[in-house]
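Chain by chain, the residues:
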Amino acid sequence: MEKTIDKSNKPNRALVAERAGVSIATVSCVLNNTHTFSPETREKVLAAVKELKYVPDMAARSMKTNRSYQFAVIINDISNPMFLQLVSELEKQGIKHNYFLNICGGYADFEVYVNQLIARRIDGVFLAVKLNKLDSKLLDKLVDNGVRIVSGGGKDYNNYRTDVTYVNIDMKGGLDSHFRLLKSLGHKKAAYLSAFPADDMDDGRVRLFCELSEKYFGEKKPFVFSKDTFIDTNIENGYRMGQEMLQRLDGYTAVIATNDLMAMGFIKAMRDNGLHCPEDISVLGIDNNALSAVFEPSITTFGPDYTEYAKAIFDLLFEKNADSGEHTVGIKHYVRESTGVARQRSK
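Residues numbered from 1 in each chain as written. Predicted model: local features only at pLDDT ≥ 70, side-chain atom pairs only at ≥ 80, totals over all residues. Heavy atoms only, no water.

(A) Quick look at the overall build of the protein. Across its full length, the protein carries 12 helices and 12 strands. The proportion of buried residues among the 347 residues of the protein is 51%. Put simply, of all contacts in the protein between residues at least 6 apart along the chain, 74% involve residues at least 24 apart. Accessible surface for the protein amounts to roughly 17,900 Å². Of this, 50% is attributable to carbon and sulfur atoms. (Helix = DSSP H or I, 4+ residues; strand = E, 2+ residues; numbered from the N terminus. Buried < 20%, exposed > 50% of the residue type's maximum accessible area, 1.4 Å probe, protein only. Contact = heavy atoms within 4.5 Å. Areas by Shrake-Rupley, 256 points an atom, 1.4 Å probe, with all protein chains shown as cover.)

Put into structure tokens, the structure is as follows:
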């Protein structure tokens, strides 16, 4: 015979309140972190929850609040350690505020994700992809269905939207730290290994690199090595492009890469061409991903405190007073083994 489940004795908030000796409203506020209570009151409520094995009915809560208490991230490359760090911290923020995180690895068409997010009544989404790669009508669809959007990487200069909030790390401050370090080590010019095409105006790193090259080295047209289309920012592409770039680095003693992974690939290309880092060429990355400190040589880079970065994203998604526009997260500069004193070299 088919076994039926008797839900009449299923723990609920009334039972938790009775066991803890508090009101049902107090139980709700403690579980939702909406009010501050004494440690003793919180402990009594949480002890009763644990004893009764009570699990809040999120479906019922959603019916009352018209919110799903779910959010999502759509990431172009989930294998990038930097995004893994960020997703881990976003998950912690979600757990802290009773939100469930959905992770979309960027493998399906964006339309598939949009339809799923709307169908599941997702409250907000963090986009770690370039907005000009996405169909504007699909972004409209998210907004029209009440899904709040926060986009990583700063505003897209070709597709700026007032209904999207932008958050970025302090790229200018980080690159400025790179150039000040190189100048202090005696370098007279630096090249840039870019994952973005030369005419791409959306990637602030290329623009800032050119500005700072002129400021620190007097280079009005610095060497930026790139392809005709955007390429994935991984070790493999850093290696492939590095093999080509090394043939044109006559006199250059430093290279800044789009991110840490491409910096690692470039260093591997150096090794295969009989060059040493930093003795022959200093190499600098961006992001401070989890591998940058243990790679040999360890990578000089900059990046955010990922806990603070995730908190900023979560707050922008769900704080009532969060505004649109562009927001910047501070960075820390890490000087490691991949940079050293410049020495004269030729091709």
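The discussion continues.
(B) A look at the sheet that holds strand β11 (residues 325-329). Taken together, six strands build an open sheet; the order of strands is β2-β1-β3-β4-β5-β11 and the sheet is parallel. Strands at the two margins of the open sheet, each flanked by one partner only, are β2 (100-104) and β11. For this sheet the average axis-to-axis angle between neighbouring strands, irrespective of direction, equals 20°. Across five bridges, strand β1 (residues 70-75) lies against strand β3 (residues 124-128) in parallel orientation. The residue of β3 that forms the bridge with I74 is L127. Along the sheet face, helix α5 (residues 81-96) touches β1, β2 and β3 and points at about 175° away from the line of β1. (Pairing = 2+ DSSP bridges. Axes fitted to C-alpha atoms, helices over the stretch in contact; angles between N-to-C directions.)

(C) Seen up close, the packing of aromatic side chains. Counted under the stated rule, the structure contains 15 aromatic pairs. Here the aromatic rings of F223 and Y252 are separated by 5.8 Å at their centres, their planes lie at 50°, and the arrangement is tilted. Residue F223 is found in the loop between α9 (204-217) and β7 (224-225), and its partner Y252 is found in the loop between α10 (235-245) and β8 (254-257); the two are separated by 29 residues along the sequence. The exposure class of F223 is buried, given its relative accessible area of 12%. Cluster of aromatic residues (ring-pair linked, three or more members): Y69, F71, Y99, F314 and F318. The ring of Y252 has K189 sitting right over it, with the charged end atom 4.4 Å from the ring centre. Taking the ring centre of Y239 as reference, the NZ or CZ of K268 above it sits at 4.4 Å. (Phe/Tyr/Trp six-rings, centres within 6.5 Å; stacked < 30°, edge-to-face > 60°. Lys NZ or Arg CZ within 6 Å of the ring centre and 35° of its normal.)

(D) Fine view of helix α12 (residues 306-318). In a regular helix each residue adds 1.5 Å, so 13 residues correspond to 18 Å; α12 covers 18 Å between its end C-alpha atoms and thus fits that length. Of all the residues in α12, the buried ones are Y306, Y309, A310, I313, F314, L316, L317 and F318. Summarising the contacts, the buried residues of α12 are in contact with β1, α5, β3, β4 (148-152), β5 (165-169) and β11. Backbone nitrogen of T307 and a side-chain oxygen of the N-cap are separated by 2.9 Å at the start of α12; the cap is D305. (Expected span 1.5 Å × (residues − 1). Polar contact = N/O pair within 3.5 Å; in protein donor to acceptor, adjacent residues only side chain to side chain.)

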